[in-house]
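Structural features, examined
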Amino acid sequence: MTTGMAVRSAESDLLRDPVRGGSQHRKGRRERVREGVAGWLFLTPNLVLLGLFVIVPLVWAVFISFQETDGFGAGLFVGTANYQRLVSDPLFWRSAVNTLLFTAIVTPLSMAIGLGAAVLFNSVLPARGVFRSILILPMAISGVATALIGVLVFDENNGILDNILRFVGLPAVNWQSGGFAAFASIVLVTLWWRVGFNMLIYLAGLQGIGPQLYEAAKLDGAGIWGRFRNVTVPLLGPSSFFLLILNVIYSFQVFDIVYVMTGGGPQNATSVLVTYAYDTGFVTRDQGYAAAIGVVLLLVTFVFTAVQWRTNRNRDLVE
Amino acid sequence: MTASVFLPRVRTLQSDSTQESSILQPKQAHRRRFRVGLVARVAGAIAMSAVVLFPLYWMLVVAFSSRSELLGGTLRLWPRALTLENFERVLAGFPIATWFGNSVAISATVAVLTVLVNLLGGYALSQLRFRGSELVFLIALTTLMIPVQVIMVPLFRLVTNLGLYGSYWAVILPTAASAFGLFLARQFILSIPRDLIEAARVDGASHLRVFTAIVLPLSKPLIAVLFFMALLQSWNDFAWPLIALKENDLFTLPIGLLYLQGQFGSDFGATMAFALINVVPMIVLFLIFQRYFVQGFTRSGIK
C-alpha cells in the first residue's frame, strides 16, 4: 500500500525547497502565520480521521499487548507475558515462517511475471490494449470473490483444475488436504490477482526508457537478451524498488485469500500472522495476545522497509 | 484505453530495428524472423490472457449451470444449457438487495469523504508552506504500512465507545482514514504552478478562495481518480467490515458472500451467482473508467 514513488518525489521536493523558500523571505511575517493557520485548518479533517482511527488505536494496541483481556471489562496487566508466550508458541512460529515463505515466493514471482508481461505488452502486438486490460482485470475483483473462484477451481473433489489434470493424464492434486498443495494454491491465486498490478507499474517504468539506448546497445552487438539484461532491467530499477517494497508489505498482510480459501488449514499449513492475529483476537478472544502478534508483525514490516530504504539509498550514493 | 496511455514510443523502436538490420542481412530472412517473433509474442499474449480469463469464464459457466448438472459432474467446458436457477435461489434465500444497497451506500460515502478530505489535505501539503507539514506527510506515509489486523482490537473498542457500532459509520470512518488519497492528492496538486496561487494571494484572495477558485477546477482528473480508487477499495474491502459488521442487514456484499458460502457450503452454483453480483459492477466501472484506475494505481500503488 505504501508508495516508494511518492516518497521519492517527496525527497525531490525537499531538494527543491531552497528555491521555493526564496519567495518566502519576501513574504511578510503575517502572511506566513496566515499560511500556517490555513495549512493546519485544511489538514484538520485528515488529521482527525488518521489520528482517531489509526494513531490512537495503534498506541492503544501497544498498550493492550501488555494486558490479558477478552475484550469485555477491564484488562489485567501482565507485563511482557504475551511477548514471552510468543517465543514458545509453535503456531506463532509456524505462521511467521509461512508469512515469510509466502513473501519470499510471491514477491519475486509476481515481479518476474509482471516484468515479462510488461515487456511483452510493450512490444508490437495486435490488440495490445485489449491484452493489457485483460491482465489488469483481476485488480477490480474483491479478495473474497477471488478466493471463492480459487475454491471453485482448486476443489479437490470435483474442481475443474483436477479434472483437467486427470483428463490430460496427470495425477490430481489434493489442494485442500495436502499442506504443501494448499500453500501452493494460495500462492497461485495470489499471483493471478497481483500480476496485473506489477505489470502496470513496469509498463509505466518502460515508458521512461528512451529508444536510443536500445539502439546504442544494439550497435554494441547486444542481442535481445543482452538488451533486456543490460538496458531494460537496470533502468527499471526504481520501478523494481517500488514494487519490492509494495509486494513485501502486501504479502505480510495477506488476509482475504487465506482466510476465505483455507482458513489457515489444513493443520495450520497456510496460517499466516494476520489470520492468526484475527483468530486470536476475535475467535478465541485472547485480545492481549492478538495485539502482541500484531505489534511484532508491524515491527518486522517497519524494519524490513527501513532496511530496503537504507540499502537503496546507499546504492544510489555509491553510484 | 490503457493503450493510449502507453502507446507512443515502441513503434519507433521496431521500425528502427527493421531499417538497421536491413543493412546487415537479407531482408527476407529478417522479415521471416520478425514474423516468427510476432507469432511467438501473440501466442504468449493469448496464453497469459487465457490463464487470467479462464477462472472468470468458469465462474460464469458455474453460475449459469443447473444444480443437477453441477452435482452430477456432467458439466462441460462449453455448457449445453444455461439457467437462472442459481440466481433465483440466492435471491430468495438472502437479502441481496439490502446488502447491495449497503455496499453502495458505504463505498459511495467513503469515496465522497476521501475526495473531500484529501483534496483539502493535499492542497495544504503541496502548496502551503508551514512548519511540521513534512513531518505530517511522513507520518501519514508510515501509517500505510499498518495492517488493520494490528489495530483491529482497539479500533473495535473505539468504534463501540463512540457509539458507531451497528451503523454504517463503523465501517465508513475507519475506511476513509487512509493516507493513500492524501498522497495522490499531494502529488497531483504539486503540479499546479505555485505562481498561479501566489498571484491570487497577492490579489487578496483568501486561502479558501484560492482553493475553491483555482485548485478545485484544476483538479477534476484527481477527483475522478480519488473517487474511483476509494470506491473500488471500499466495495471490495473485507477484513475490517468482517469485524465491524455483525448484524445481517448491515452486511456488505463481500461479507454477505462469505456468509452465504458458510450457509450453502459447496453449492458452487449459488456461490458463483452471488460472486458475480459482487464482481460485475466493479468490472464494468473498471473497464469504463480504466484510465482513472490505472492512474490511481500507478501513482499511488494502492491495491
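Another point: the overall build of chain A. Across its full length, chain A holds 14 helices and two strands. Relative to its 319 residues, chain A shows a buried fraction of 42%. Of all intrachain contacts in chain A linking residues separated by at least 6 positions in sequence, the fraction that spans at least 24 positions is 67%.

Residues and elements named next belong to chain A. G265 connects to P266 through a cis peptide bond whose omega is -10 degrees. On the secondary structure map, P266 appears in the loop between α12 (256–261) and α13 (273–282). Here A127, not a glycine, exhibits a phi torsion of approximately 55 degrees, which is positive. In this structure, A127 sits in the loop between α4 (90–120) and α5 (128–136). Since 14 C-beta atoms lie within 10 Å of it, A127 is described here as partly exposed. Positive phi, close to 50 degrees, is recorded for Q267, a residue that is not glycine. Inspection of the secondary structure puts Q267 in the loop between α12 and α13.

Another aspect to go through is the domain arrangement of chain A. Taken domain by domain, chain A comprises domain 1 (25–57) and domain 2 (85–318). Placing a centre on the C-alpha atoms of domain 1 of chain A and another on those of domain 2 of chain A gives a separation of 37 Å.

Turning our eyes to something else, we now look at the interface of chain A and chain B. Listed as interface residues are 91 residues of chain A and, on the opposing side, 90 residues of chain B. No other element matches the 18 residues that helix α2 (residues 29–64) of chain A contributes to the side of chain A that touches chain B. The residue inventory of the side of chain A that touches chain B, partitioned by class, reads 64 nonpolar, 21 polar and six charged.

The next thing to look at is the domain arrangement of chain B. Residue and element names in this part refer to chain B. What the domain assignment lists for chain B is domain 1 (2–63) and domain 2 (94–300). Each side of the interface is counted separately: domain 1 has five residues, and domain 2 has nine residues. Those elements that provide at least two residues to the side of domain 1 that touches domain 2 are α1 (2–6) and α3 (27–63). Top contributing element to the side of domain 1 that touches domain 2 by residue count: α3, with three residues. Tallied by class, residues from the side of domain 1 that touches domain 2 come to four nonpolar, one polar and no charged.

Residue and element names in this part refer to chain B. One can describe the packing of helix α6 (residues 96–127) onto helix α9 (residues 169–176) by two numbers: an axis separation of 9 Å at closest approach and a directional angle of 35 degrees. In this structure, α6 crosses over α9, and the sense of that crossing is right-handed. Here I106, T109, V110, L113, T114 and V117 of α6 lie close against α9, whose contacting residues are V171, I172, T175 and A176. A class-by-class count of the residues in the contact of α6 with α9 yields seven nonpolar, three polar and no charged.

Here the focus is the confidence of the model for chain B. Residues and elements named next belong to chain B. For chain B, mean pLDDT is 85; residues scoring 70 or higher make up 86% of the total. Confidence drops under a pLDDT of 50 for residues 1–24, and excluding neighbours within four residues, the segment shows 32 contacts in the predicted structure. For this predicted complex, the interface score ipTM comes out at 0.85, alongside a pTM of 0.86.

Residues and elements named next belong to chain A. Of all residues in chain A, 89% attain a pLDDT of 70 or more, and the chain-wide mean is 87. α4 holds the highest mean pLDDT among the elements of chain A, 96, whereas helix α1 (residues 4–26) holds the lowest, 44. Taken together, the stretch residues 1–24 has pLDDT below 50 and engages in 27 contacts with residues farther than four places along the chain or on a different chain.

Time to look at the environment of N82(A). Residues and elements named next belong to chain A. For N82, the position within the fold is in helix α3 (residues 81–87). Look at N82 and you get buried, because 23 C-beta atoms sit within 10 Å. Residues N82 and F66, spaced 16 residues apart in sequence, show a C-alpha to C-alpha distance of 6.6 Å. With residues up to four places along the chain from it excluded, the contact list for N82 reads S65, F66, G288, Y289 and A292.

The end-to-end C-alpha separation of helix α11 (residues 237–252) of chain A is 22 Å, in line with the 22 Å expected for 16 residues at 1.5 Å each. Within α11(A), the full set of buried residues consists of S239(A), F242(A), L243(A), I245(A), L246(A), N247(A), I249(A), Y250(A), S251(A) and F252(A).

Examined against the element boundaries, G265(A) turns out to sit in the loop between α12 and α13. In the structure, G265(A) is positioned 89 residues away from Q176(A) in sequence and 8.2 Å away in space, judged by C-alpha atoms.

Conventions and cut-offs
- Residues numbered from 1 in each chain as written.
- Chains lettered and ligands numbered in written order.
- Predicted model: local features only at pLDDT ≥ 70, side-chain atom pairs only at ≥ 80, totals over all residues.
- Helix = DSSP H or I, 4+ residues; strand = E, 2+ residues; numbered from the N terminus.
- Buried ≥ 20, exposed ≤ 12 C-beta atoms within 10 Å, placed from the backbone.
- Contact = placed C-beta atoms within 7 Å.
- Domains from an automatic or database assignment.
- Nonpolar A, V, L, I, M, F, W, Y, C, P; charged D, E, K, R; others polar.
- Axes fitted to C-alpha atoms, helices over the stretch in contact; angles between N-to-C directions.
- Left-handed = near helix turned anticlockwise from the far one by under 90°.
- pLDDT = per-residue confidence, 0-100.
- Expected span 1.5 Å × (residues − 1).

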